Amino acid sequence: MHVLEQDTTREPAAKQVGAFLERSREQIAQRWADAALFRTVFTLSRDEAVEACKSVVDALAVVAGSGRLEDIAAPGFEAVCDQLGRTAASRARAGLSPAQIADEVAALRSPAVSLLRAEFADPSDPRAHESVLALTVLMGTLRLVVMERALSAGKELIERQRQQLLEVATPVIALWEGVVAVPLIGTLDSARSQVVMESLLEAIVDQRARYAILDITGVPTVDSLVAQHLMKTVAAARLMGAECVVSGIRPAIAQTIVHLGIDLGTVLTHSSLADALAYTLSRLEASPHTAGASVL
């Protein structure tokens with residue numbers, strides 16, 4: 001109830017701020033274009049920076065006109081959310097922390113407030129105080145909107161980098177004509193196993209591979225979840241017409257598999273990558289499909 005009363009009290013001042021933003025659109029945009037937030041993003045053309053600033057001023061005018069000064073979900077912000085997100089992401093890529101980006105947004109308040117105060121002949125006029133307060137609240141909301149977009153962009157960037165790291169950490173190597181291998185190092189969780197499967201299946205198609213080797217020498221432990229991921233990958237490779245071999249079964253891994261009661265009976269295994277490669281080459285040599293191919 002208190003918030004509603006506060007919003008009702010501020011509504012006339014909010015309308016005045018909305019009208020002020022519409023009148024002073026050009027002046028505010030010109031001043032903001034020289035602020036760090038926009039100047040360092042739009043480096044090729046100041047006119048481009050000015051236009052970007054105008055769109056933000058227009059959005060603030062719409063929000064102020066609606067009276068929803070503290071609402072980050074106010075419809076007026078929708079038009080500039082993408083732009084604010086790109087601006088925040090650009091500053092983040094330049095090495096700024098979210099707090100520093102927030103400070104740059106806060107720096108936009110002073111030029112706008114100066115122009116607003118200049119519209120009142122008497123600085124002590126209560127309307128001047130109410131309007132400045134409303135504009136300050138509005139600029140604080142803009143700061144929150146930019147922070148939200150910056151954090152969202154940061155999460156998206158981290159997710160893309162995580163996906164890229166997964167792909168780099170699970171390379172598919174063409175060992176021989178018709179033979180590909182995936183050397184696995186580290187923990188094999190659900191996300192990584194999905195990348196392994198997709199990368200392997202793509203390689204089977206691209207390389208026309210008949211044999212695929214999953215080398216788990218670098219996998220520290222094998223539990224029921226890891227075994228399940230391996231079984232799924234083997235099954236998917238078979239559906240693509242390739243025989244899948246799991247190599248790198250060390251004594252400790254073998255004991256763990258037996259202790260857990262994991263059934264790998266349908267999976268062809270070898271103790272080392274060399275043994276797995278020798279097996280696949282012997283199969284290729286004996287296969288009529290590869291007659292004429294040079295093996296060893």
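As the structure is a computational prediction, the values presented were derived from the model and not from experiment.

(A) Inspection of the nonpolar core at higher detail. In this structure, L21, W32, F38, L60, L135 and L142 are the most contacted members of the largest nonpolar core, which totals 51 residues. Ignoring any residue separated from it by four or fewer positions in sequence, one finds L135 in contact with V17, F20, L21, A112, V113 and L116. L188, V196, C244 and I257 belong to the second-largest nonpolar core, a separate cluster that totals 30 residues.

(B) Up close: unusual backbone geometry. With a phi angle near 55°, R208 is a residue other than glycine that sits in the positive phi range. Tracing the chain through its elements places R208 in the loop between helix 9 (190-207) and strand 3 (211-218). For R208, a relative accessible area of 74% corresponds to the exposed category.

(C) Representation of the pairing of strand 1 (residues 173-176) within the structure. Alignment of strand 1 against strand 2 (residues 179-185), held across three bridges, turns out to be antiparallel. By the bridge assignment for strand 2, A174 is matched with V180. Linkage of strand 1 to strand 2, two consecutive antiparallel strands, is achieved through a turn of two residues, within which G178 is found at a positive phi near 90°.

(D) Seen up close, the side chain of T141. Among the secondary structure elements, T141 is positioned in helix 8 (residues 126-169). When its relative accessible area of 3% is taken as the criterion, T141 is described as buried. There is a polar contact of 2.4 Å between the side chain of T141 and the backbone oxygen of L69. In contact with T141, not counting residues within four places along its chain, are L69, E70, D71, I72 and F77.

(E) Representation of the sheet that holds strand 1. Pairing in this open sheet of five strands is mixed, and the strands run 1-2-3-4-5 from one edge to the other. Both edges of this open sheet fall to strand 1 and strand 5 (268-270), since each of them pairs with a single strand only. Across the sheet, the mean angle from the axis of one strand to that of its neighbour is 30°, orientation sign disregarded. Note that strand 2 and strand 3 share six bridges and pair parallel. Note on strand 3: the bridge partner recorded for A181 is I213. Its contacts with the sheet put helix 10 (residues 224-239) on strand 2, strand 3 and strand 4 (243-247), and the angle it makes with strand 3 is roughly 165°.

Procedures and definitions
- Residues numbered from 1 in each chain as written.
- Predicted model: local features only at pLDDT ≥ 70, side-chain atom pairs only at ≥ 80, totals over all residues.
- Heavy atoms only, no water.
- Core = buried A, V, L, I, M, F, W, Y, C linked by side-chain atoms within 4.5 Å.
- Buried < 20%, exposed > 50% of the residue type's maximum accessible area, 1.4 Å probe, protein only.
- Contact = heavy atoms within 4.5 Å.
- Helix = DSSP H or I, 4+ residues; strand = E, 2+ residues; numbered from the N terminus.
- Pairing = 2+ DSSP bridges.
- Polar contact = N/O pair within 3.5 Å; in protein donor to acceptor, adjacent residues only side chain to side chain.
- Axes fitted to C-alpha atoms, helices over the stretch in contact; angles between N-to-C directions.

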